[in-house]
Amino acid sequence: QAFPWFGMDIGGTLVKLVYFEPVDITAEEEQEEVENLKSIRRYLTSNVAYGKTGVRDVHLELRNLTMCGRTGNLHFIRFPTQAMPRFIQMGRDKNFSSLHTTLCATGGGAYKFENDFRAMADLELLKLDELDCLIRGLLFIDRMGFNGHPECYYFQNPSDPDNCVKKPCNLDNPFPMLLVNIGSGVSILAVYSEDNYKRVTGTSLGGGTFLGLCCLLTGCETFEEALEMASKGDSKNVDKLVKDIYGGDYERFGLQGSAVASSFGHMMCKEKRDSISKEDLARATLVTITNNIGSIARMCAVNEKIESVVFVGNFLRINTVSTKLLAYAMDFWSKGQLRALFLEHEGYFGAVGALMELLKTTDDS
């Protein structure tokens, strides 16, 4: 397959792009390399920000990876889906279509933007199923590891906030696993092998809901800002707890007084509304969405009789509040039977799966 090698996942909120930068280029290849391929490589690898909104997640870079007999570094880049027209424009400016490479794309945007790619940049997309790509990419990165460290981790003592620690682990026998993909919305898959899985259910209350509600409630503009606010807030000022109703625990059914009985339940009372901060609202929104995802995931795990639950997706990026909350919820409600697992490259597996498909099309031809 001709360089450059890209895999792309165009989601509802974010576009994820992985780029394989070969480091084993021979002098001969270097000479034959056309100028616009050089310029694309230089542009991508020498910048960590692109335009106003593109970001290269340098800390996620996978170094000296072997793919398709070539050695290189895998770069992880993301930008908001609303910047897609500018990205396509850049593809045209850098004369991408002259490189005769296939652009493999997955996610809803592969369908939504297909005509724009063709009309604006003369590029044909090879469209791929996002859930196929997600599973393939996830298993590949887990096998490769994260520069000598495991890709996967969990929290030890999730029910004890003071001693809750992040621990690496291996997905040696991953199947069956319940895969909970939290993007703009949420998809839940029961995965029995690399090629055998089903979508069990989903919920429209996902990362997009958290950010959308946060923007409405607090006037924030970005995911980073919303999380920053949430990290400083106290959701107990917004949510009605069991003890607010019972005066303590609901002992008969083992419900602790500190459990949430009604998310946002205090907000029907004017005095409470007047006394809360934007930070409290951001935290309550985060906790509400996260708990709902955790509770649906747990029910699916019980129904499908699956013990390992793997959470992925960009909602979990820089979001330790939610990862710890999910770990706690799985552990507590299952009485220690279910373990929540997380992955370092949380939102990028679809794009990696698309890249692998690109390399597969070469092997077949």
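Everything quoted here is computed from the prediction, not taken from an experiment.

Trainee: Can you lay out the overall build of the protein chain for me, pointing to particular residues and giving the numbers?
Mentor: Summing up its helical and strand segments, the protein chain has 13 helices and 17 strands in all. Its C-alpha radius of gyration of 22 Å places the protein chain within 12% of the 21 Å reference for a compact globule of 365 residues. Among the 365 residues that make up the protein chain, the fraction classed as buried is 50%. Nonlocal contacts in the protein chain, meaning residues at least 24 apart in sequence, comprise 67% of its contacts between residues at least 6 apart. Accessible area for the protein chain stands at about 17300 Å²; split by element, carbon and sulfur atoms hold 49% of it. Charge-centre separation for the protein chain: the mean point of 38 positive side chains lies 5 Å from the mean point of 47 negative side chains.

Trainee: Break down the nonpolar core for me, citing the residues and quoting the values.
Mentor: Judged by nonpolar contacts, the single largest core of 68 residues is most densely connected at M8, M84 and F117. Residues from two domains meet in this core; each of domain 1 (5–133 + 349–361) and domain 2 (152–232 + 277–343) gives at least three. Discounting chain neighbours no more than four positions away, the residues touching M84 are M8, I10, V15, F79, F113 and F117.

Trainee: Any details on the pattern of salt bridges? Residues and values, ideally.
Mentor: Applying the stated rule across the entire model yields 19 salt bridges. We note a salt bridge from E224 to R317, for which the minimum N-O separation is 2.9 Å. Of this pair, E224 sits in helix α8 (residues 223–232) while R317 sits in the loop between β16 (308–312) and α12 (320–333), placing them 93 residues apart in sequence. With a relative accessible area of 36%, E224 lands in the partly exposed category. Taking relative accessible area as the criterion, R317 reaches 10% and is therefore assigned buried. Measuring nitrogen to oxygen at the nearest pair gives 3.6 Å for the salt bridge that ties E357 to K360. One end of the pair is E357 and the other is K360, both in helix α13 (residues 349–364) and three residues apart, which spans about a single turn. Three or more residues joined by partner-sharing salt bridges are found here, namely E114, R118, E124 and K127.

Trainee: With reference to specific residues and values, describe the packing of aromatic side chains.
Mentor: Enumeration according to the criterion identifies 17 aromatic pairs in this entry. Centroid distance Y328 to F332: 5.5 Å. Interplanar angle 20°. Geometry classified as stacked. In this pair, Y328 and F332 both sit in helix α12, four residues apart, roughly one turn of the helix. Members of the aromatic cluster, joined through ring pairs, are Y153, F155, F311 and F342. The cationic tip of K94 hangs over the ring face of Y43; the distance from NZ or CZ to the ring centre is 4.7 Å. Against the face of Y154 rests R339, its NZ or CZ located 4.0 Å from the ring centre.

Trainee: Which residues make up empty space enclosed by the protein, and what are the values?
Mentor: As enumerated under the stated definition, the model contains one cavity of 30 Å³ or more in all. Surrounding the largest cavity, F3, P4, Y19, P22, E33, L37 and R41 form its lining. Only β2 (14–22) and α2 (35–46) provide two or more residues apiece to the lining of the largest cavity. Split into classes, the residues belonging to the lining of the largest cavity amount to five nonpolar, no polar and two charged.

Trainee: A description of the sheet that holds β16 should follow, citing residues and the corresponding values.
Mentor: Sheet architecture is open: seven strands sit in the order β10-β9-β17-β16-β11-β12-β13, paired in mixed fashion. Bordering the open sheet on either side are β10 (165–169) and β13 (196–203), each of which pairs with just one other strand. Neighbour-to-neighbour, the strand axes of the sheet open up by a mean angle of 30°, direction not taken into account. Summarising the sheet, strand β12 (residues 186–193) and β13 pair through seven bridges and their orientation is antiparallel. For S193, the partnering residue across the bridge sits in β13 and is N196. Running at roughly 110° to strand β11 (residues 177–182), helix α6 (residues 130–144) makes contact with β9 (152–156), β11, β12, β13, β16 and β17 (339–343) of the sheet.

Trainee: Describe the packing of helix α7 (residues 207–218) against α8, and please don't skip the residues or the numbers.
Mentor: Interhelical geometry of α7 versus α8 gives an angle of 70° and a closest axis separation of 10 Å. As judged from the angle between their axes, α7 and α8 are roughly perpendicular. The residues of α8 that touch α7, namely those facing F210, L211, C214 and T218, are F223, A226, L227 and M229. The residue inventory of the contact of α7 with α8, partitioned by class, reads seven nonpolar, one polar and no charged.

Trainee: Help me get a handle on the pairing of strand β6 (residues 70–80), residues and values and all.
Mentor: For β6, the buried fraction is high: nine of the 11 residues fall into the buried class. Of the strand pairs in this sheet, strand β4 (residues 54–56) and β6 are connected by two bridges, and their pairing is antiparallel. Counted as the bridge partner of V55 is R78 from β6. Sheet topology places strand β5 (residues 62–67) next to β6; four bridges connect them, and they run antiparallel. By the bridge assignment, M67 is partnered in β6 with R70.

Trainee: Report on α8, specifying residues and quantitative values.
Mentor: Of the positions making up α8, those classed as buried are F223, A226, L227, M229 and A230. End-on, the buried residues of α8 take up no more than an arc of 160°, which puts them together on one face. On its buried side, α8 packs onto α7 and α11 (278–304).

Trainee: Give me the state of the cysteines: which residues, what numbers.
Mentor: Inspection of the entire model under this criterion finds zero disulfides. Here C164 is not cross-linked by a disulfide; its sulfur's nearest cysteine counterpart is in C169, at 14 Å. Free of any disulfide, C169 has its nearest cysteine sulfur in C152, 3.4 Å distant. Take C169: its relative accessible area is 11%, and that puts it in the buried class.

Cut-offs used in this document
- Residues numbered from 1 in each chain as written.
- Predicted model: local features only at pLDDT ≥ 70, side-chain atom pairs only at ≥ 80, totals over all residues.
- Heavy atoms only, no water.
- Helix = DSSP H or I, 4+ residues; strand = E, 2+ residues; numbered from the N terminus.
- Rg over C-alpha atoms; globule rule 2.2 N^0.38 Å.
- Buried < 20%, exposed > 50% of the residue type's maximum accessible area, 1.4 Å probe, protein only.
- Contact = heavy atoms within 4.5 Å.
- Areas by Shrake-Rupley, 256 points an atom, 1.4 Å probe, with all protein chains shown as cover.
- Lys, Arg positive; Asp, Glu negative; His and termini not counted.
- Charge placed at Lys NZ, Arg CZ, Asp CG, Glu CD.
- Core = buried A, V, L, I, M, F, W, Y, C linked by side-chain atoms within 4.5 Å.
- Domains from an automatic or database assignment.
- Salt bridge = Lys/Arg side-chain N within 4 Å of Asp/Glu carboxyl O.
- Phe/Tyr/Trp six-rings, centres within 6.5 Å; stacked < 30°, edge-to-face > 60°.
- Lys NZ or Arg CZ within 6 Å of the ring centre and 35° of its normal.
- 1 Å grid on protein atoms, 1.4 Å probe; cavity = no way out; pocket = protein on both sides within 12 Å on 5 of 7 lines; lining within 4 Å.
- Points joined across faces, edges and corners; volume = space filled by probe spheres on them.
- Nonpolar A, V, L, I, M, F, W, Y, C, P; charged D, E, K, R; others polar.
- Pairing = 2+ DSSP bridges.
- Axes fitted to C-alpha atoms, helices over the stretch in contact; angles between N-to-C directions.
- Parallel < 35°, antiparallel > 145°, perpendicular 65-115°, else oblique.
- Arc of directions from axis to C-beta.
- Disulfide = S-S within 2.5 Å.

Treat this as a map of the structure, not an account of what it does.
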